[in-house]
Structure formats: structure tokens, C-alpha cells
Amino acid sequence: MEFSRKKLPKEDLSQLYRVRIETIQPFALMISPAYLYFKANEKFVSVKGPLDFFTPPEISRLKKFKYFYFPSFVASILPFREAGQKVQALLSCSDAIVESTSENPFPAIRLAPPSYEVADCVLKILGPLWWEYPNQGAGIEPYLVTIFVNELCQLLPEGQLLLGREKDVEKLDHALFRSSWVVFLALHLGYCDLNFLNDLRLRILSENMNDTAPVRYWNELDELISLSYDSLKNTRVRLIHANFFSDRSEKIAQKLEARLARVLSHFMSKGSQPPSIFGKRGFIDV
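Engineer: Before we move on, could you go through the pattern of salt bridges and cite the residues and values that matter?
Structural biologist: Here the structure, examined in full by the defined rule, presents 17 salt bridges. Put simply, D222 and R203 hold a salt bridge, and the shortest N to O gap is 3.2 Å. Of this pair, D222 sits in helix α8 (residues 220-231) while R203 sits in helix α7 (residues 194-210), and the two are 19 residues apart along the sequence. The class of D222 is buried, set by a relative accessible area of 2%. The exposure class of R203 is partly exposed, given its relative accessible area of 29%.

Engineer: I'd like a rundown of the packing of helix α4 (residues 142-152) against helix α6 (residues 169-188), residues and numbers included.
Structural biologist: The angle between the axes and the distance between the axes are what describe a pair of packed helices. Two numbers describe how α4 lies on α6: the axes approach to 8 Å, and their chain directions differ by 75°. One way to sum up the angle between α4 and α6 is to call them roughly perpendicular. Across the interface between the two elements, P142, Y143, V145, T146, F148, V149 and L152 from α4 touch L176, F177, S180, W181, V183, F184 and L187 from α6.

Engineer: Tell me what's going on with the sheet that holds strand β8 (residues 131-133), and back it up with residues and numbers.
Structural biologist: Taking strand neighbours across the sheet as the criterion, the four strands line up as β10-β9-β8-β11 in an open arrangement whose pairing is mixed. This sheet does not close on itself; its edge strands, each paired only once, are β10 (240-241) and β11 (269-270). Bridge analysis of β8 against β11 gives two bridges, and the strand direction is parallel. From the neighbouring strand, W131 faces β11, where its bridge partner is S269.

Engineer: Which residues make up the confidence of the model for the protein chain, and what values go with them?
Structural biologist: The predicted structure's coordinates, where accompanied by low pLDDT, should not be read in detail. Considering every residue of the protein chain, the mean pLDDT works out to 89; 92% of them sit at 70 or more. In the model of the protein chain, strand β6 (residues 96-98) stands out as the element of lowest mean pLDDT, 51, in contrast to α4, which has the highest, 96.

Engineer: Kindly report on the packing of aromatic side chains, identifying the contributing residues and their values.
Structural biologist: Within this structure, the stated rule accounts for 16 aromatic pairs. Centre to centre, the rings of W130 and F184 are 6.1 Å apart; their planes meet at 35°, and the pair counts as tilted. Of the two residues, W130 sits in the loop between α3 (115-126) and β8 while F184 sits in helix α6, which places them 54 residues apart along the sequence. An identical accessibility class is assigned to W130 and F184; each is buried. An aromatic cluster is present here, built from W130, F148, W181, F184, F244 and F245 joined pairwise through their rings. Taking the ring centre of F3 as reference, the NZ or CZ of K6 above it sits at 3.8 Å. The aromatic ring of F53 is capped on one face by R165, whose charged end is 4.1 Å from the ring centroid.

Engineer: Pulling in residues and values, what's your account of the environment of C121?
Structural biologist: As for its placement among the helices and strands, C121 is situated in helix α3. What makes C121 partly exposed here is its relative accessible area of 36%. Separated by 31 residues in sequence, C121 and L90 have C-alpha atoms that sit 8.4 Å apart.

Reading the values: rules and limits
Residues numbered from 1 in each chain as written. Predicted model: local features only at pLDDT ≥ 70, side-chain atom pairs only at ≥ 80, totals over all residues. Heavy atoms only, no water. Salt bridge = Lys/Arg side-chain N within 4 Å of Asp/Glu carboxyl O. Helix = DSSP H or I, 4+ residues; strand = E, 2+ residues; numbered from the N terminus. Buried < 20%, exposed > 50% of the residue type's maximum accessible area, 1.4 Å probe, protein only. Axes fitted to C-alpha atoms, helices over the stretch in contact; angles between N-to-C directions. Parallel < 35°, antiparallel > 145°, perpendicular 65-115°, else oblique. Contact = heavy atoms within 4.5 Å. Pairing = 2+ DSSP bridges. pLDDT = per-residue confidence, 0-100. Phe/Tyr/Trp six-rings, centres within 6.5 Å; stacked < 30°, edge-to-face > 60°. Lys NZ or Arg CZ within 6 Å of the ring centre and 35° of its normal.

Have a look at this one:
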């Protein structure tokens, strides 16, 4: 993904986050540009862009530098990563047998929460990820949705990432945005099976990378996918507005509008500086 600041002066050190290179997982998508410090020219130089990834040989070759450096922007997206982790933990709950003890000799089954409770809890976690943007209304940036879903879902297949990067990086970015957006909206509608969401993400990613014409049965899920594509037409969409769904006539749009009405009334975040990849606090100059 394109970004503006390829190099940073050494004076920025106090504002950067330092991470040991060996802790970086191969094929994990980068949440921001990653930099190395080169003593020869006393600058931080970018080695990976946002949503790019390192292969094992790359990590091995760069270990001599000890640390990657990430811009202060990453602090603003921590809520999206944490929300993804919380939803993943919630959707991973299952019935469990509680072993017997001397105090309680009879083993019991601890039941997972019912689906409607899970869906309600998920919506409360998703709600604060929506922001009231000054002069623009309620919305969310596609990149931030991708960060959330990247934490929620399993790592993407290595071969698919390598092929996507080799063939067309912009198409890969678009596929990542679209697949994440479909999963994000599905969660709003109560689709809370983690295996299903992982499969859905891979399906949408593959369709967009390969330009395959999918078979549509025009059930609720297909209608959701079509609607999500209309709301996110390309990688240059800076903000997806919540009111997009109120202007549509599809039944699935009406369902989303109802869910979002609750989100915007009770859970949406507000403030003068919403998280954004654009501007001085992000990594793309306006």
C-alpha cells in the first residue's frame, strides 16, 4: 500500500515504537510502515509498507539490525487490534467440561453463551470503532476495518499473499479491504461463527484477486456482499459513511441501518481527532 514518508529523520526516534525483529511473524500483515535505522546516513528508512508482509528469508536477512521501528500512528489503531482480539476470544468460546474436585466430585458442563448474547456482545465491541468525523458524520476508514479483521481472523495463506504481491499490489490491497469489510458487516448482522467468517474472508479475497465471477444465489449473504462492494468500490475510498445504508432499498441494507442506529446512538466514539491514516497523525499526506 502506498504511503508518504519513506524516510524519517533520526530526531523522530523518541516518537517511534521499537520492536525486536525476531518477534515479527512471517506473513503477518504490517499494521503500518516498518522502518530500519541506518547509521551511515542517520535516517530511518522504510522497508515495508502498510499491509505488506515479511517472508522468513527477509526476516532472517534483517535480524542483524535487531529492531524494526513503527510510527506513533500505531497507537491510534490499538483499539481496532484489541477489538479484533476480543471478538476472536468471544467467538472461540465453546462448551467445556469442568473437572471434578474434592469439593465438587461431580463434573459439570460449562455452556457457552447463547448466540443472541454473543451477537449483542460483539455489537458492543464493534460500536466504538465507528467514529463521528468532524463535518463528515459517522463513518469508518476501510484500512482500520482491515486491521480489526486481521486480528480477528487467521493468517492468510502464504501462497495467496506471495502471488498477490507479485501480480498486482493494488489489487491485493483492494481484495483485503473488500474481504475485511464483508466480514465486518456480517458481524453486525449476527454472523458470529469464527470458522464461517474465516472462510468468508478467504472466499471474497480469492474472488477479487482472481477476478472470478462468483455464483450468486441471492440469499441474504449474497445481498450483503453485493451491498458491501457498492459501498467500497476501490482502495481510494477514504471514509465509508454509515448513512450509505439508509439510502438503499435492499432488505439487508435496512437490517444494517437498524443495527447501526443502535451503534450510533449508544456506542459510537466521538472526539476532535478520530483515528485516521491521513494527515500528520497517519502515514498518507493529505
